[in-house]
Amino acid sequence: MAVSFLPCFLILSLFSAIDAHSGMIGVNYGRIANNLPSPEKVVNLLKSQGINRIKIFDTDKNVLTALANSRIKVIVALPNELLSSAASHQSFADNWIKTHIMSYFPATEIEAIAVGNEVFVDPKNTPYLVSAMKNIHTSLVKYNLDKAIKISSPIALSALANSYPPSSGSFKPDLIEPVIKPMLALLQQTSSFLMVNAYPFFAYAANADKISLDYALFKQNAGNIDSGTGLKYNSLFDAQIDAVYAALSAVGFNGVKVMVTETGWPSVGDENEIGASESNAAAYNGGLVKRVLTGKGTPLRPKEPLNVYLFALFNENQKPGPTSERNYGLFYPNEGRVYDVPFSRVRSTPVNGNRDHVPVTHEGHTWCVSNGEVAKEKLQEALDYACGEGGADCRPIQPGATCYHPESLEAHASYAFNSYYQKNSRRVGTCYFGGAAHVVTQPPRYGKCEFPTGH
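Residues numbered from 1 in each chain as written. Predicted model: local features only at pLDDT ≥ 70, side-chain atom pairs only at ≥ 80, totals over all residues. Heavy atoms only, no water.

Got a minute to help me understand the packing of helix α4 (residues 90-102) against helix α5 (residues 129-142) in this structure?
When two helices pack together, you describe them by how their axes are tilted relative to each other and by the distance separating the axes. Packing of α4 against α5 brings their axes to within 8 Å, and their N-to-C directions diverge by 55°. Overall, the two elements α4 and α5 adopt an arrangement that is oblique. For the element pair α4 and α5, the recorded crossing hand is right-handed. In contact with Gln 90, Ala 93, Asp 94, Trp 96 and Ile 97 of α4, α5 contributes Asn 135, Ile 136, Thr 138, Ser 139, Leu 140 and Lys 142. Classifying every residue of the contact of α4 with α5 by side-chain character gives five nonpolar, four polar and two charged. (Axes fitted to C-alpha atoms, helices over the stretch in contact; angles between N-to-C directions. Helix = DSSP H or I, 4+ residues; strand = E, 2+ residues; numbered from the N terminus. Parallel < 35°, antiparallel > 145°, perpendicular 65-115°, else oblique. Left-handed = near helix turned anticlockwise from the far one by under 90°. Contact = heavy atoms within 4.5 Å. Nonpolar A, V, L, I, M, F, W, Y, C, P; charged D, E, K, R; others polar.)

Written out as structure tokens, the structure reads:
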């Protein structure tokens, strides 16, 4: 029986193309749902899509264990309900770091801790934030982890008193002295980013009569000129981020960089949630990924590449609130895509004559190998598909041929999977085989067999 393939999901294909000069794209892995794949399956999905950075909202044991040795970097979180304890007792912070970080690091590549999330939305937690951040950082220093693991705390754009025009961006006055300045001082001291959650969807939905949909979706538009600086903005996202940069400058922290830890667009919404649709979600996320990977910064900070985490990996069926809250996912729980994003940074030639749909490839030298953890039956089924209907060149793994040895199912499947993957131009989604395969960036080693690369 033919193997069921995950279709090529084009947003996430570009996750593998990240470096200090091209901007960075990651994805939020939220789990407020009762129908999601196991963490192990999620890790295989992430690998198959070339996603190597994620953010979670806790320090779940099963997730962090599944991420071990995956080469996927993760931002973890200390939940808001623990802020008061972390702020009040250094011993609590020490124990939290030992239990929730050191138990997994470095096998699991934890690169940052989000101390709380949108804390200012609930004023009762606000007084604890900076002390909690300081105690967590002190613990990191105590255990020699502070160079490898940064700290921050994601803020919502509601922390701004003004955001339009961008140059007038400013923090709410009641937050500045008690929390904003000391938090920024700590971020500056530790060379950490200010984490920001930015959702142009909310601004558009509330002001659809004033904001162009094309401006919100990274489409061609007339743009807006900032009367304070004369700078032109072609997207609402850029305007929102520059409002944060202006607010940072206004309180004397011009040197603190920004990381966008959440942004996205819902594919479904209630009747009054203007703009929520699959086509708009595809346009927003697709336009954003393409925008980030140009390596260009915002009009105010043109030399600062953008670092962005899309929200979210899956639709989450148990999230409270309006319908949109349960429909930000890039994938359904069955690992099927929610929508396509038809663009590519690396291909310009149409495939199969379809000029409207150009599949995206993994960049650089990549290979496809078998997942040794799947059942032999599943691996054999996938191998049969690759060598049969899939059209892979399996002659080298026949008895007496160059890659017959080592004579193992895993080695033969890896060769066949890679042949199929290279034949299909390393397009994302062509190295999945129902979870039986994943992408690697180092040449596979099976005896004297050499694995071909694409051209």
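Sorry if this is basic, but what is going on with the pattern of salt bridges here?
Side-chain pairs of opposite charge can arise where the charged atoms are in close proximity. This model, assessed by the stated rule, comprises 13 salt bridges. Across the pair Arg 31 and Asp 58 runs a salt bridge, and its minimum N-O distance is 2.6 Å. Here Arg 31 is found in the loop between β1 (24-28) and α1 (39-48), whereas its partner Asp 58 is found in the loop between β2 (53-55) and α2 (61-66), with 27 residues between them in sequence. Taking the relative accessible area as the measure of exposure, Asp 58 reaches 22% and is therefore partly exposed. The shortest N-O distance in the salt bridge between Glu 111 and Arg 53 comes to 3.1 Å. (Salt bridge = Lys/Arg side-chain N within 4 Å of Asp/Glu carboxyl O. Buried < 20%, exposed > 50% of the residue type's maximum accessible area, 1.4 Å probe, protein only.)

Please explain the sheet that holds strand β3 (residues 73-78) as it appears in this structure.
Two orientations exist for strands paired in a sheet by backbone hydrogen bonds: parallel and antiparallel. If you walk across this open sheet you meet the nine strands as β5-β4-β3-β2-β1-β13-β12-β9-β6, and the pairing is parallel. At either margin of the open sheet sits one strand with a lone partner, and together these are β5 (150-152) and β6 (155-156). Bridge count between strand β9 (residues 194-197) and strand β12 (residues 258-263): four bridges; the pairing is parallel. Across the sheet, residue Leu 194 finds its bridge partner in β12, namely Val 258. Seen against the sheet, helix α10 (residues 278-292) touches β1, β12 and β13 (307-310) and runs at an angle of roughly 155° to β13. (Pairing = 2+ DSSP bridges.)

Hey, could you run me through the state of the cysteines in this one?
Each disulfide is one covalent bond, formed between the sulfur atoms of two cysteines. The tally for this structure, following the rule as stated, stands at three disulfides. The side chain of Cys 387 participates in a disulfide bridge whose partner is Cys 394; the two sulfur atoms lie 2.0 Å from each other. As the torsion about the S-S bond is roughly -90°, the Cys 387-Cys 394 disulfide counts as left-handed. Exposure remark for Cys 387: the relative accessible area of 32% places this residue in the partly exposed category. The partner cysteine of Cys 403 in its disulfide is Cys 449, sulfur to sulfur 1.9 Å. Between Cys 403 and Cys 449, the S-S dihedral sits near 90°, and the bridge is therefore right-handed. Within this pair, whereas Cys 403 is found in the loop between α11 (376-387) and α12 (409-423), its partner Cys 449 is found in the segment after β15 (437-440), the two being separated by 46 residues in sequence. As far as burial versus exposure is concerned, Cys 403 and Cys 449 are alike and both buried. Disulfides within the chain link the bonded cysteines, taken in sequence order, as 1-5, 2-3, 4-6. (Disulfide = S-S within 2.5 Å.)

What should I look at first to understand the layout of surface pockets in this one?
If a probe the size of a water molecule is rolled over the atoms, the empty space left behind becomes visible. Computed from the structure, the largest pocket encloses a volume of approximately 1000 Å³. Contributing to the lining of the largest pocket are 41 residues, with Leu 157, Asn 197, Ala 198, Tyr 199 and Phe 202 lying nearest its centre. Counting residues per element, the ones that place at least two in the lining of the largest pocket are β7 (160-162), α7 (200-206) and α9 (236-250). Here the element with the most residues in the lining of the largest pocket is α9; it accounts for four residues. By residue class, the composition of the lining of the largest pocket is 21 nonpolar, twelve polar and eight charged. (1 Å grid on protein atoms, 1.4 Å probe; cavity = no way out; pocket = protein on both sides within 12 Å on 5 of 7 lines; lining within 4 Å. Points joined across faces, edges and corners; volume = space filled by probe spheres on them.)

Teacher, can you tell me more about the pairing of β15 here?
It is a general feature of regular strands that their side chains alternate between the two faces of the sheet. Here β15 shows two buried faces, one formed by Ala 437 and Val 439 and the other by His 438 and Val 440. Note: strand β14 (residues 367-370) against β15, four bridges, orientation antiparallel. Note that in β15 the partner of Ser 370 across the bridge is Ala 437.

Please explain the nonpolar core as it appears in this structure.
General note: in soluble globular proteins, nonpolar side chains tend to be found buried as a group. Ranked by size, the top nonpolar core spans 103 residues in total, and within it Ile 54, Ile 113, Ile 136, Phe 171, Met 183, Leu 184 and Leu 194 carry the most contacts. Here this core gets nine residues from one element, more than from any other, and that element is α9. Grouped together as the second largest cluster of nonpolar side chains are 29 residues, Ala 382, Tyr 385, Ala 386 and Cys 403 included. (Core = buried A, V, L, I, M, F, W, Y, C linked by side-chain atoms within 4.5 Å.)

What exactly am I supposed to notice about the packing of aromatic side chains here?
Think of a pair of aromatic rings as described by two things: how far the centres are apart, and how the planes are tilted against each other in angle. Per the stated rule, a full pass over the model turns up 17 aromatic pairs. Taking 5.7 Å as the distance between ring centres and 55° as the angle between the ring planes, the aromatic pair formed by Phe 201 and Phe 202 counts as tilted. Taking relative accessible area as the criterion, Phe 202 reaches 42% and is therefore assigned partly exposed. An aromatic cluster of three or more residues is present, and its members are Phe 57, Tyr 199, Phe 201, Phe 202, Tyr 204, Phe 218, Phe 237, Trp 265, Tyr 284, Phe 311 and Tyr 328. (Phe/Tyr/Trp six-rings, centres within 6.5 Å; stacked < 30°, edge-to-face > 60°.)

What should I look at first to understand α11 in this one?
Since the α-helix turns once every 3.6 residues, residues separated by three or four places project in the same direction. In this model α11 runs 16 Å from its N-terminal to its C-terminal C-alpha over twelve residues, within 8% of the 16 Å that 1.5 Å per residue would give. The elements touched by buried residues of α11 are β14 and α12. (Expected span 1.5 Å × (residues − 1).)

Honestly, the side chain of Ser 192 in this entry has me stumped. Any pointers?
With respect to the secondary-structure elements, Ser 192 resides in the loop between α6 (173-189) and β9. We classify Ser 192 as buried; its relative accessible area is 7%. For Ser 192, the side chain forms a polar contact with the main-chain oxygen of Ile 151, separated by 3.2 Å. When near neighbours in sequence (up to four residues on either side) are disregarded, Ser 192 contacts Lys 150, Ile 151, Leu 187 and Val 256. (Polar contact = N/O pair within 3.5 Å; in protein donor to acceptor, adjacent residues only side chain to side chain.)

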